[in-house]
Amino acid sequence: TVFTDSLFESEMFGHAKGAYTGSMGEKQGLFELADGGTIFLDEIGDLPASQQAKLLRVLENGEYRRVGGKKTRKVNVRIISATNRHLWESVLAGSFREDLYYRIACFHVRLPSLRERLDDVPALAKNLLQSINRSMRSSYNLAPDALQQLQLYKYPGNVRELRNAIQRACLLCRGDVIIPEHLPPRI
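Residues numbered from 1 in each chain as written. Predicted model: local features only at pLDDT ≥ 70, side-chain atom pairs only at ≥ 80, totals over all residues. Heavy atoms only, no water.

Things to note about the side chain of K54
Topologically, K54 is positioned in helix α3 (residues 49–61). Judged by its relative accessible area of 15%, K54 is buried. Apart from the residues within four sequence positions on either side, K54 is in contact with D5, F8, E9 and F13. (Helix = DSSP H or I, 4+ residues; strand = E, 2+ residues; numbered from the N terminus. Buried < 20%, exposed > 50% of the residue type's maximum accessible area, 1.4 Å probe, protein only. Contact = heavy atoms within 4.5 Å.)

If you want it as structure tokens, here you go:
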């Protein structure tokens, strides 16, 4: 989700009573709620420069102020971030702050895309189907030929696409066994 600067600050750092027209009370931000714990920042490579600066400030010294607030607050959080971009290339291109890069790039974990690990599809499909079965209070199973079809596809949409394909198959399935015809045509 793309946030305006003020909404980003409010979500991350909270806001004081009356900070916005119509704001009735104080709001804790994600940093305050995670104090002593961990915050996961997804798609950090997409943050605009102004938001990168605000994030860097709190990561550097652990201090922030709520939007509209006067009191400086201290926070101690661990940051885990993810991105689908090569951040160093973004630094070189001038679209990501180098100082923020060095602040968050302590430990890199590269997660290969699903198309690079198609042997994982059966375990992922089983896990996703169990989750769908719990949420829908159902008992769907994948026929062996449907599972084989899932394992042959290259998944440009990664695991999200696999999940959506299985959800679609569940919606089209009239019994409790998902067959290849229930899968999206592209698969």
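Here's the deal with unusual backbone geometry
Positive phi, normally seen in glycine, also occurs at E43, with a value near 55°. Assessed through its relative accessible area of 26%, E43 is described here as partly exposed. Positive phi, normally seen in glycine, also occurs at R137, with a value near 50°. Within the secondary structure, R137 sits in the loop between α6 (121–136) and β5 (141–142).

What about the packing of α6 against helix α8 (residues 158–172)?
The description of two packed helices rests on the angle between their axes and on the distance between the axes. Taken N-terminus to C-terminus, the directions of α6 and α8 make an angle of 50°; their axes are 10 Å apart at the nearest point. Classified by the angle between their axes, α6 and α8 sit oblique to one another. When the axes of α6 and α8 are compared, the crossing they make is right-handed. Each of V121, L124, A125, L128, L129, I132 and M136 in α6 lies in contact with α8, whose residues at this interface are V159, L162, R163, I166, Q167, C170 and L171. When grouped by side-chain class, the residues that make up the contact of α6 with α8 number twelve nonpolar, one polar and one charged. (Axes fitted to C-alpha atoms, helices over the stretch in contact; angles between N-to-C directions. Parallel < 35°, antiparallel > 145°, perpendicular 65-115°, else oblique. Left-handed = near helix turned anticlockwise from the far one by under 90°. Nonpolar A, V, L, I, M, F, W, Y, C, P; charged D, E, K, R; others polar.)

Concerning the nonpolar core
Core analysis: the largest hydrophobic core is formed by 22 residues, its most contacted members being L150, Y155, L162, I166 and I178. Going through the elements one at a time, α6, α7 (144–152) and α8 are the ones with two or more residues in this core. Ignoring any residue separated from it by four or fewer positions in sequence, one finds L162 in contact with L114, V121, L124, A125, L128, L150 and Y155. Counting 21 residues, the second-largest nonpolar core is a separate cluster that includes F31, L47, V58 and L100. (Core = buried A, V, L, I, M, F, W, Y, C linked by side-chain atoms within 4.5 Å.)

Overview of α6
Compared with an ideal rise of 1.5 Å per residue, which puts 16 residues at 22 Å, α6 spans 22 Å between its outermost C-alpha atoms and is within 8% of the ideal. Along α6, the residues that are buried comprise V121, A125, L128, L129, I132 and N133. Down the axis of α6, the buried side of the element spans an arc of 140°, and every buried residue falls inside it. Set apart from the buried face of α6 by more than 90 degrees, the exposed residues are A123, K126 and R134. In this fold, the buried residues of α6 make contact with β5, α7, α8 and β6 (177–178). (Expected span 1.5 Å × (residues − 1). Arc of directions from axis to C-beta.)

Describing the packing of α6 against α7
Running from N to C, α6 and α7 point in directions that differ by 120°, and their axes come no closer than 9 Å. Looking at the two axes, α6 sits oblique to α7. For the crossing formed where α6 meets α7, the hand is right-handed. Here V121, P122 and A125 of α6 lie close against α7, whose contacting residues are L147, L150 and Q151. Its residues placed into classes, the contact of α6 with α7 shows five nonpolar, one polar and no charged.

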